[in-house]
Amino acid sequence: MFHRILVAIDHDPAMAQEVFSEALALAVAQHATLHILQVLDPLKSTYPDPLYLTLGGSLGPLNTQAFGAYVSQWREAEQERLAQLQG
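Criteria and thresholds
- All residue numbers here refer to positions counted from 1 along the written sequence of the relevant chain.
- At least 70 in pLDDT is required for a residue's local features to be given in this predicted model, at least 80 for side-chain atom pairs to be given and counted, and no such filter applies to totals for whole chains, interfaces and linings, which use all residues.
- Side-chain descriptors were evaluated using all non-hydrogen atoms of the structure, hydrogens and water having been removed beforehand.
- Confidence scores labelled pLDDT are given residue by residue by the predictor and lie between 0 and 100.
- Every helix listed is a DSSP run of H or I at least four residues long, and every strand listed is a run of E at least two residues long, numbered separately from the N terminus.
- Two strands are said to pair when DSSP picks up at least two bridges between them.
- Orienting the strands away from the viewer, one traces the path from the first strand over the helix to the second; a clockwise path indicates a right-handed crossover.
- Note on classification: 1.4 Å probe, protein chains only; a residue is buried when its accessible area is under 20% of the maximum for its type, exposed when over 50%, partly exposed between these limits.
- Should any heavy atoms of two residues lie within 4.5 Å, those residues are counted as being in contact.

> Requested: an account of the confidence of the model for the protein, with residues and values cited.
Looking at the protein as a whole, its pLDDT mean stands at 76, while 70% of the residues score no less than 70. Mean pLDDT in the protein bottoms out at helix H2 (residues 61-86), which sits at 75, and peaks at strand E1 (residues 4-8), which reaches 94.

Pasting the structure below:
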């Protein structure tokens with residue numbers, strides 16, 4: 001018997017819906033808690049490269065912009081996935 005189920009969702013909407021539906025059905029059948037995980041790929045996004053950190057450990061102006069863009073991208077993806085789950 002499962003108590004917790006972790007499902008990873010990727011960027012393919014059709015596949016993500018199929019995987020989520022299967023995980024949800026299993027969680028309902030097992031009376032389990034369903035946890036959903038999505039990871040943004042830093043190599044396919046504007047994630048700030050750690051090589052550009054300054055010696056003091058802070059981000060330079062360009063990296064601060066990149067980090068802001070990454071946070072924005074993350075929030076957009078989060079809203080898309082929430083809408084997908086609610087729809």
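Read on for the rest.
> Residues and numbers for the pairing of strand E2 (residues 33-37), please.
Taken together, the five bridges between E1 and E2 define a ladder with parallel strand orientation. Note that in E2 the partner of Ile 5 across the bridge is Leu 34. Read from E1 through helix H1 (residues 13-30) to E2, the crossover connection turns out right-handed.

> Tell me what's going on with the environment of Ile 36, and back it up with residues and numbers.
Tracing the backbone through its elements, the reader meets Ile 36 in strand E2. When its relative accessible area of 40% is taken as the criterion, Ile 36 is described as partly exposed. Separated by 30 residues in the primary sequence, Ile 36 and Leu 6 have C-alpha atoms spaced 5.8 Å apart. Leave out the neighbours within four places in its chain, and Ile 36 touches Val 7, Ile 9, Phe 20 and Leu 85.

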